[in-house]
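Remarks on the overall topology
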Amino acid sequence: MNTTHKKVWRTLQVAVWLVGFAIFSSLLFFPAVGIMLFWNILIPVAPLLIVVAVGVWRNVCPLATINLLPRHLGISKRKIMTPELQAKLGLISVLALYIIVPLRHAIFNTNGQATAILIFSMIVLGLWMGSRYEWKSAWCSTLCPVHPVERLYGNNVFGAVGNAHCDKCQNCVVPCPDSTPNMNPRLVKKNIFSQISGLLITGGLPGFVWGWFHVPDHDGISSGYDLFRVYEMPPAGMVVTLTVYLVLLNARLVREMWLVRVFSTAAVSCYYWYRIPSLLGFGQFETDGVLYNAKNVIPYWSIEVMISATTLFFILWLLIRKPNKQSWVVRPAFAEKREVGVN
Ligand code: SF4
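Below, the structure is looked at part by part. Small disclaimer: the values here were computed from a predicted structure and weren't measured.

A closer look at the overall build of the protein
Check the secondary structure of the protein and you find 12 helices and zero strands. For the protein, the sequential pattern of α-helices and β-strands runs α-α-α-α-α-α-α-α-α-α-α-α. The C-alpha atoms of the protein give a radius of gyration of 20 Å, which matches the 20 Å a tight globule of 343 residues would have. Summarising its shape, the C-alpha atoms of the protein cover approximately 60 × 55 × 40 Å along the three principal directions. Buried positions account for 41% of the 343 residues belonging to the protein. Long-range pairs, those at least 24 residues apart, make up 82% of the contacts in the protein between residues at least 6 apart in sequence.

Following this line, the structure appears as structure tokens:
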């Protein structure tokens, strides 16, 4: 990457970091505003950005900017992780996603401080990992709970952008999700951990998303029943679509890459199918996740047009459009070879 491009990315990283910091501060001190900015604006935009240009997001993600800081400043131990540890952390990230996201209904959607604590915990963990391990193996390509979704949705991005973090490739993750064309969760089947995590996210996410939207927000967890309500529908949906995925996979009627594309399309389409109505006040649970209540402003058919349009877009982008052999970012030149486990 040339100096001008680097400067542009650094400027963007600082700008997005400042936005992130503003949202984080709002969550702490003006929770209603913070919740609106984080859960009702940033998070709803994220899946679309991941589908189209996940490399842009990975270049500017504020959490990445923080946890890669030790590496940029030259104070990381830069350990190279074993493939087995990478796979184990990858499985933990999928499980973390499936455990944390349902808690939004009972805690995070309505509690700004709790959301801030969740983000802060990830910052501390990410920084600690970043101070020990090389580049994105530390967090962005292993433990980050958003990363499994990036792998699933980012299987046919518009094209590769420059890598705004790694100056030289240290081969810290193999295969590197950023640098592998048409990356997807089922490309890596090195061991049982990567196999399980790949199946859980690919087969399970569409049903999980569907189930998640069938749980109303409620204030806190004060009984076993509250916990049951939170964890009932999303895992149930997950089990259903995972079973369908496994049946289709074993039937060998189509190539697995096709199945991955079908299931990623289903998951992201399902997300917007439910999220757009709720953002505009037309959701199944009227007060949940509303950005602007447009119920008395626009007719319901306009919502149907919007969700049909997003679904059509994802079908065209992820399913009909041929895999374009593009990676998320351009791999930088390789550095000298280092051995696994070396400090
Ligand atoms: S480009 Fe190379 S150094 Fe950077 S995350 Fe990928 S494998 Fe690691």
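So much for the structure itself; the text now carries on.
Describing unusual backbone geometry
Residue P175 is bonded to the preceding V174 through a cis peptide linkage, with omega at -5°. Looking at the secondary structure, you find P175 in the loop between α8 (147-153) and α9 (192-212). Positive phi is not limited to glycine here, since R78 has a value of about 60°. Topologically, R78 is positioned in the loop between α4 (69-72) and α5 (83-100).

A closer look at the nonpolar core
Core analysis: the biggest nonpolar cluster contains 58 residues, and V209, A267 and V268 have the highest contact counts within it. Put simply, the parts of the chain that give this core at least two residues each are α2 (31-60), α5, α8, α9, α10 (224-251), α11 (256-279) and α12 (300-320). If near-sequence neighbours (up to four positions away) are discounted, A267 is found in contact with L152, L205, P206 and V209.

Points about the environment of M238
Along the chain, M238 falls in helix α10. Each C-alpha atom, one on M238 and one on W210, is 8.5 Å from the other, the two residues being 28 residues apart in sequence. Contact partners of M238, with chain neighbours within four places excluded, come to G204, G207, F208 and G211.

Details of α2
Helix length check: α2, at 30 residues, gives a terminal C-alpha distance of 24 Å against a target of 44 Å (1.5 Å per residue), a shortfall beyond 12%. The largest bend in α2 is about 115°, located at A53. Contacts made by the buried residues of α2 are with α1 (3-29), α3 (62-67), α7 (112-130), α8, α11 and α12.

Focus on α1
Over its 27 residues, α1 extends 38 Å from the first C-alpha to the last, a length consistent with the 39 Å expected when each residue adds 1.5 Å. Within α1, the full set of buried residues consists of G20, I23, F24 and L27. Buried-residue contacts for α1 involve α2, α3 and α7.

Thoughts on the packing of α9 against α10
Following both chains from N to C, one finds α9 and α10 inclined at 135°, their axes separated by 6 Å at the closest point. One way to sum up the angle between α9 and α10 is to call them oblique. Note on packing geometry: the crossing formed by α9 with α10 is right-handed. Contacts from L199, L200, T202, G203, G204, P206, G207, F208, W210, G211 and W212 of α9 reach α10 at M233, P234, A236, G237, M238, V239, V240, T241, L242, Y245 and L246. When grouped by side-chain class, the residues that make up the contact of α9 with α10 number 15 nonpolar, seven polar and no charged.

Description of the packing of α11 against α12
At their nearest, the axes of α11 and α12 sit 9 Å apart, and the two run at 160° to each other. Considering the angle they form, α11 stands roughly antiparallel to α12. When you trace α11 past α12, the crossing you get is right-handed. Touching R261, V262, S264, T265, V268, S269, Y272, W273, I276 and P277 of α11 are I303, M306, I307, T310, T311, F314, I315, L318 and L319, all from α12. Among the residues making up the contact of α11 with α12, the classes are represented as 13 nonpolar, five polar and one charged.

Some words on the environment of K7
One can find K7 in helix α1. Classification of K7 by C-beta neighbours within 10 Å gives exposed; the count is 10.

Brief notes about the environment of Q326
Along the chain, the position of Q326 falls in the segment after α12. It is 29 Å that separates the C-alpha atoms of Q326 and A251, two residues lying 75 residues apart in sequence. Q326 has contacts with V157, G159, A160 and P181, leaving out every residue within four places of it along the chain.

Reading the values: the criteria
- Residues numbered from 1 in each chain as written.
- Predicted model: local features only at pLDDT ≥ 70, side-chain atom pairs only at ≥ 80, totals over all residues.
- Helix = DSSP H or I, 4+ residues; strand = E, 2+ residues; numbered from the N terminus.
- Rg over C-alpha atoms; globule rule 2.2 N^0.38 Å.
- Buried ≥ 20, exposed ≤ 12 C-beta atoms within 10 Å, placed from the backbone.
- Contact = placed C-beta atoms within 7 Å.
- Core = buried A, V, L, I, M, F, W, Y, C linked by C-beta atoms within 7 Å.
- Expected span 1.5 Å × (residues − 1).
- Bend = angle between axes of the 7 residues up to and from the residue.
- Axes fitted to C-alpha atoms, helices over the stretch in contact; angles between N-to-C directions.
- Parallel < 35°, antiparallel > 145°, perpendicular 65-115°, else oblique.
- Left-handed = near helix turned anticlockwise from the far one by under 90°.
- Nonpolar A, V, L, I, M, F, W, Y, C, P; charged D, E, K, R; others polar.

In short, the description is geometric, and any link to function would need to be established separately.
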